[in-house]
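Topology and contacts: notes
One letter stands for each residue in the lines below.
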Amino acid sequence: MTMHEINPLKDPRWPRFIARHPESSIFHTSEWLDAIRRTYGYEPVAFTTSQTGELDNALVFCRINSWLTGRRLVSLPFSDHCQPLATGREFTEILSYLKSRRRLRQQKYIELRPVTIDGLDENGVALIKSESFSFHKIDLQPEAKAIYSGFHESCIRRKIKRAERETLRYEFGRSEELLEKFRHLLLLTRRRHKLPPQPAAWFENIVDCLGDAVTIHVASKDATPVASILTLKYKRSLVYKYGCSDGQFSNMGGTPLLFWKAIQQAKEDGIEQFDLGRSDLDEPGLIAFKEHLGASSSELTYYRDPARPIKKMPVKSSTSVSTWAREALVRLPDPLLAGVGQLLYRHIG
C-alpha cells in the first residue's frame, strides 16, 4: 500500500472523515489539534492509505521536537485517549511504515493511546504496553432520576444536598470571567498537588479553538469561587477534562454539585455518555470519586515502540529527588510557579 501524509488542519477531508467515523472523539478534531499547535508548537500530522477521494482510515499524531526530552511521535499529547481510526491491514501498514521510519526521523519512540485495541492487533502487529490507567464513563441514557440514584449516598448525594444548603451559586459558559475563576482554582489545586499549572495560553486556546464545545462550570460561595470543572462536548459524548477547587471549601460539596449540573445539562442536550477520562492507578481517591458517581471502569493502556526503557536509578534516590523538586515548587510565588509550567509543559507532551 502507498502511504499518504496529510495535515489535518489544512486537508478539507479531515473534518468530514472525523464527523462520519463512529470512533472519533473530540481529540481527533481539527479544533483540538489546533489548540495543541498554538500552545505548544507541535505539528499535527495524519497517515492514511487512502489514495484518492474521501479518507477511509487514518492515524493522527503530533510531532514533538524537544531539546530537553527528544523527538517523538505521539497520538496524542495532552489527550486522555486517541483511538486509531484504522483497523486490520490498514492499521498494520500505517504502523509498520511509521516504525520503519522512526530511526530515520531520529525519533525516540512512537506512542499510541487507544481506547481499545480490539481489531488493532491483527496480522501480527507488535504493540508494547507502556502505561496503564483507570478509565471511567457514565452511561447517560437512563433517566436523570435513575442516574442520581446511582450516586454514592454519603460521598455524592449528601454533598450535593450540602452544596444546595450552602446556596452555592452555579455558573457555566466560556466567558473570560469564568476562565479567570477556573485558572485561579487550577493554580490552587496544582500547588496543593505540588505540581506546576498548565500554561494559561492552553486554556485560552481551548476556548478560542473549540468554541461552543467547551463549557466551564463554576460553583461559588457568595463571590468566592470554590470549585470548577471544564468539559468538552462532541457528538453524543461529554468529556470531563479538568477539575480544580479551593481546599478550604471542600466540605461544601462544590465539585459533586458541578458534576450533577453537567449531567443534567448533558441530558437536556441529548448526550448519551459522560467520559470522565483517565486516572493514574496510584490515585485511589480520584478513582473512588468517579466510581461514586456511578461510572463504570476499564483499563486504558498506552503503547510505545520501542518499549519504555527501564530506569536504572535506584527507586529510593529517584523518589528523594522528585520529592525535593516538588517541595521546592510549593514554595514558589504564584507567577514563578506558573512560569515553570509555561517552560516545562511543551517538553512533556
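Each remark here, short or long, concerns the structure printed above.
Scope of this entry: the structure provided in the associated data block. Just so you know, these numbers come straight off a predicted model, no measurement behind them. (Residues numbered from 1 in each chain as written. Predicted model: local features only at pLDDT ≥ 70, side-chain atom pairs only at ≥ 80, totals over all residues. Heavy atoms only, no water.)

Moving on, we come to the nonpolar core. Residues Trp14, Phe182, Trp202, Phe203, Ile206, Leu210 and Leu232 are the most contacted members of the largest nonpolar core, which totals 46 residues. In terms of residue count, the dominant contributor to this core is helix α7 (residues 200-210) (six residues). Filtering out sequence-adjacent residues up to four positions away, tryptophan 14 remains in contact with Ile6, Pro8, His28, Thr29, Ser30, Leu33, Ala46, Leu55, Ala58 and Val60. (Core = buried A, V, L, I, M, F, W, Y, C linked by side-chain atoms within 4.5 Å. Buried < 20%, exposed > 50% of the residue type's maximum accessible area, 1.4 Å probe, protein only. Helix = DSSP H or I, 4+ residues; strand = E, 2+ residues; numbered from the N terminus. Contact = heavy atoms within 4.5 Å.)

With respect to the element layout, histidine 347 can be found in the segment after α11 (334-344). On a C-alpha basis, the gap between histidine 347 and aspartate 280 in space is 20 Å, while along the polypeptide they are 67 residues apart. Contacts of histidine 347, omitting those with residues within four sequence positions, involve Tyr42, Ser66, Trp67, Leu68, Thr69 and Arg72. In this structure the side chain of histidine 347 is engaged in a polar contact, spanning 2.6 Å, whose partner is the side chain of serine 66. (Polar contact = N/O pair within 3.5 Å; in protein donor to acceptor, adjacent residues only side chain to side chain.)

The omega torsion across serine 75 and leucine 76 is 0 degrees, close enough to zero to call that bond cis. Topologically, leucine 76 is positioned in the loop between β4 (70-75) and α3 (88-102). Residue aspartate 305 is joined to proline 306 through a cis peptide bond whose omega torsion reads 0 degrees. One non-glycine residue, aspartate 222, adopts positive backbone phi at about 55 degrees.

Read from one edge to the other, the open sheet built from 12 strands follows the order β1-β2-β3-β4-β5-β12-β6-β11-β10-β9-β8-β7, with strand pairing classed as mixed. Every other strand in the sheet has two partners, leaving β1 (4-6) and β7 (169-173) as the edge strands with one partner each. Each adjacent strand pair in this sheet contributes to an overall mean axis angle of 25 degrees, direction not counted. Examined bridge by bridge, strand β9 (residues 224-234) and strand β10 (residues 237-245) share eight bridges and lie antiparallel to one another. Paired with lysine 233 across the two strands is leucine 238, which belongs to β10. Lying over the sheet, α3 contacts β2 (43-48), β3 (59-66), β4, β5 (109-112) and β12 (296-305), oriented at roughly 150 degrees with respect to β5. Against the sheet, α7 contacts β8 (214-221), β9 and β10, and its axis sits at roughly 125 degrees relative to β8. (Pairing = 2+ DSSP bridges. Axes fitted to C-alpha atoms, helices over the stretch in contact; angles between N-to-C directions.)

Our next topic: the environment of arginine 190. Looking at the secondary structure, you find arginine 190 in helix α6 (residues 176-192). Residues in contact with arginine 190, not counting those within four places in the same chain, are Leu195, Pro196, Pro197, Gln198 and Tyr345.

Evaluation of the coordinates by the stated rule reveals 28 salt bridges. For arginine 38, the salt bridge identified is with aspartate 208, shortest N-O distance 2.5 Å. Of this pair, arginine 38 sits in helix α2 (residues 30-40) while aspartate 208 sits in helix α7, and the two are 170 residues apart along the sequence. Overall, the relative accessible area of 39% leaves arginine 38 in the partly exposed class. A salt bridge links arginine 304 to glutamate 111, with the nearest nitrogen and oxygen atoms 2.8 Å apart. Within this pair, whereas arginine 304 is found in strand β12, its partner glutamate 111 is found in strand β5, the two being separated by 193 residues in sequence. Under the relative-accessibility criterion, arginine 304 is labelled buried at 13%. Its relative accessible area of 2% is what places glutamate 111 among the buried residues. Within the structure, one salt-bridge network assembled from shared partners comprises Glu5, Glu43, Arg63 and Arg105. (Salt bridge = Lys/Arg side-chain N within 4 Å of Asp/Glu carboxyl O.)

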